[in-house]
Amino acid sequence: MIIKLIILLNLFLDGAGGEDPKDRSIFISPVRIPLALSANFGELRTDHFHSGLDIKTQGVTGKEVVAAASGYVYRISISPGGFGRALYLRHPSGYSTVYGHLDKFSPELEEYVISRQYDEKSFMVTLWPPRERFQFNQGEVIAYSGNTGSSSGPHLHYEIRKSDEEEPVNPLLFEFGVDDNIRPVIEKLAIYPAGKNTLINNQKRMLRLNVTGGNGKYGISSQNEVTISGTAGFGFKAYDLINNSNNKCSVYSFQLNIDSIPVFRYIMDAFSFSESRYVNSHIDYETLQRENIFIERAFRLPNDRLSIYQNVVNKGIVSFSDTRKHKAEIIVHDVHGNKSTLAFYVKSVSPPDKVAQAKTSDNGAIVMPYNRNNKFVSKNISVNIPSGALYDTLFFQFRILAGNPGMFSGIYEIHNKYTPLHRSYNLSIRPEKIPEGKESKMLIIQIADDIRRIPLPSTWNDGFLSANPNTFGTFFIGIDTIPPLIQNNGFASGANLTGRTTLKIKITDELSGIKSYEPVIDGKWALFEYDQKNNVLVYNFDQKRIQKGSKHDLILKVSDNRDNLSTYKCEFIW
């Protein structure tokens, strides 16, 4: 215990330590196999921080999942996306645990869920059982691991939350069998101009350098002298490794020191779901979009309201206005106390006389302050950006191109996809023409790249189609009149399916996406599970609900988000 207290004290003094739970041993591992992680808490992802741990299940589904602590089931969620099949337990400690991407629940839970799905005639349900209905002791099997929802492979998503706020906390603050003695790895340094007249190595743009070193000690090449005139912010790229896993995880904490004085600190103990999207301001969003590289900022954008920052001086922005050499350090920790430091020097220089006053070149851009509502109106289009949607003042740009065949408007470039948004804005476009009787089939479509088209939920308002995208980019008005495609999977109408355990049907839609499906067997609603990522409906034969050894009639109706409808009918023997 004395050794552990010394470690925690050292972490605090080094800028690593944060919240320390009173009892770090209240939870056990939620799986009965050797514990290995593929992702950690707070991992940087597009639009959100990862809210738990991804636990490897040896590449397969069906591994036993146990209650990490004694408690009761307070919520069960079934969804074709997200966590898929998920279970939520509440514990006397004031914490709750979440288990996602499950394949099956324990038998009593499974029977309860299926019964409720039939009652509601819906695969997708959220259930809130009475507190006394399902209670489990620590270590009892509650479910089996899977690959449901938005999972990209078999694993268990595991969370610990504060029960009162439903706020996720870092599970690795608790002791349940994750070993780690590997130091974080630092790969890149980034330096950003923070003022109009800032020069970094005599240039008005971000400087990015590869770092040298290893085993916890990093620097930059002696050939890469850094000079700065004006205000600047620092960033870096790093990752952490955990024993028994080759997956790169995010770092737990970091601190920026200038001349040994802390000016910015980040610590991933906990966050609220309402602030998770601020990850887009914490990272260099443009670099992520262009190069798929996560660079973390050690400074704060004006509308970055993350609560995980501490000891922030002047938003982490550093002024270089003398002619001295300054020592900079970025100290990175993982949650187990392993530490790496990137140390380098910055030469503060005076600006050249010719650049005393920077020339502004806005290319006709419209200034949009981040802390107020902003509106842009042009022929056949309006853009309304609410206060708080921007992370910094925006120099808004707009361009219109001629539409292509099959489009019902011009192509509108709304600023650019490299600028992040914290919340959606309203985009309204007036079509150049409307096919008779097809108003309800028209929608706004975002061009993601040369291939992908993203349909947006669209409504009519005074002759305009309106949508609420949450990214800038390129848009046009299109139309969807093609109903979903329904295909049997491994059987034909009239087939004898005796001996099979499942029946599968593939459903796809060309544009607006699947809205709903209604399966009926022998005149009664039937439970077809929707595997959304594979576009498959799965019916598990159930002799409690259909008669075994007889002929059955199946009718399946599938509609898309523009209410185009397809109907599939077949007979089968089972």
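The preceding data block contains the structure.
Rules used in this analysis
Residues numbered from 1 in each chain as written. Predicted model: local features only at pLDDT ≥ 70, side-chain atom pairs only at ≥ 80, totals over all residues. Heavy atoms only, no water. Helix = DSSP H or I, 4+ residues; strand = E, 2+ residues; numbered from the N terminus. Contact = heavy atoms within 4.5 Å. Areas by Shrake-Rupley, 256 points an atom, 1.4 Å probe, with all protein chains shown as cover. Lys, Arg positive; Asp, Glu negative; His and termini not counted. Charge placed at Lys NZ, Arg CZ, Asp CG, Glu CD. Core = buried A, V, L, I, M, F, W, Y, C linked by side-chain atoms within 4.5 Å. Buried < 20%, exposed > 50% of the residue type's maximum accessible area, 1.4 Å probe, protein only. Phe/Tyr/Trp six-rings, centres within 6.5 Å; stacked < 30°, edge-to-face > 60°. Lys NZ or Arg CZ within 6 Å of the ring centre and 35° of its normal. Pairing = 2+ DSSP bridges. Salt bridge = Lys/Arg side-chain N within 4 Å of Asp/Glu carboxyl O. 1 Å grid on protein atoms, 1.4 Å probe; cavity = no way out; pocket = protein on both sides within 12 Å on 5 of 7 lines; lining within 4 Å. Points joined across faces, edges and corners; volume = space filled by probe spheres on them.

### Quick look at the overall build of the chain
Inference 1: Check the secondary structure of the chain and you find 4 helices and 47 strands.
Inference 2: Overall, the chain is about 90 × 70 × 40 Å in size when its C-alpha atoms are taken along their principal axes.
Inference 3: In the chain, of all internal contacts separated by at least 6 residues, the share reaching a separation of at least 24 is 69%.
Inference 4: Per element, the accessible surface of the chain, about 27100 Å² overall, is 47% carbon and sulfur.
Inference 5: Distance between charge centres in the chain, computed from 65 positive and 60 negative side chains, equals 4 Å.

### Considerations on the nonpolar core
Inference 1: Counting residues in hydrophobic clusters, the biggest one holds 122 residues, and the most contacted among them are Leu87, Tyr99, Tyr158, Phe234, Leu503 and Ile505.
Inference 2: Looking at this core, the element that brings in the most residues is strand β19 (residues 226-239), giving 6 residues.
Inference 3: Residues Leu390, Tyr425, Leu427 and Met442 belong to the second largest nonpolar core, which totals 24 residues.

### A look at the packing of aromatic side chains
Each aromatic ring pair is characterised by the separation of its centres together with the angle its planes make.
Inference 1: This structure, assessed with the given rule, holds 30 aromatic pairs.
Inference 2: On the numbers, 4.9 Å between centres and 15 degrees between planes, the contact of phenylalanine 254 with tyrosine 266 is stacked. Taken together, the residues span a long stretch of sequence, with phenylalanine 254 in strand β20 (residues 253-258) and tyrosine 266 in strand β21 (residues 261-267) at a distance of 12 residues. Tyrosine 266 shares its class with phenylalanine 254; the two are buried.
Inference 3: Between phenylalanine 396 and phenylalanine 472, the aromatic rings sit 6.5 Å apart at their centres with planes inclined by 65 degrees, giving edge-to-face as the arrangement. Separated by 76 residues along the polypeptide, phenylalanine 396 in strand β30 (residues 394-396) and phenylalanine 472 in the loop between β37 (464-467) and β38 (473-479) bring together distant segments of the chain. For the pair phenylalanine 396 and phenylalanine 472, one class covers both residues: buried.
Inference 4: If you follow lysine 248 out to its NZ or CZ, it ends over the ring of tyrosine 239, 4.5 Å from the centre.

### So, the sheet that holds strand β47 (residues 565-573)
Inference 1: Ordered in space as β40-β47-β46-β42-β43, the 5 strands form an open sheet in which the pairing is mixed. Lying at the two open borders of the sheet, with one neighbouring strand each, are β40 (495-496) and β43 (524-525).
Inference 2: Where strand β42 (residues 514-521) meets strand β46 (residues 551-560), 7 bridges bridge the pair, whose relative direction is antiparallel. Residue pairing in the sheet places isoleucine 514 in a bridge with aspartate 560 of β46.

### Quick notes on the pattern of salt bridges
Opposite charge on two side chains permits them to pair, given that their charged atoms come into close proximity.
Inference 1: One pass over the structure, following the stated rule, counts 22 salt bridges.
Inference 2: Arginine 399 serves as the salt-bridge partner of glutamate 413, at 2.9 Å between the closest nitrogen and oxygen. Here glutamate 413, found in strand β32 (residues 411-414), pairs with arginine 399, found in strand β31 (residues 398-401); they are 14 residues apart in sequence, far enough to count as distant.
Inference 3: Among the residues examined, arginine 399 registers a relative accessible area of 45% and is labelled partly exposed.
Inference 4: Three or more residues are tied together by salt bridges with common partners; here these are Arg90, Glu159, Arg161 and Glu166.

### Let's talk about the environment of leucine 44
Inference 1: Position of leucine 44 relative to the elements: it lies in strand β2 (residues 44-45).
Inference 2: Setting aside residues up to four positions removed in sequence, leucine 44 forms contacts with Phe49, Ser250, Tyr266, Val279, His282, Ile283, Phe294 and Glu296.

### Regarding the layout of surface pockets
Inference 1: Here the second largest pocket is characterised by a volume of approximately 830 Å³.
Inference 2: In this structure, the second largest pocket is lined by 31 residues; those nearest its centre are Arg85, Asp103, Glu110, Glu529 and Asn540.
Inference 3: No other element matches helix α2 (residues 107-120), which puts 5 residues into the lining of the second largest pocket.

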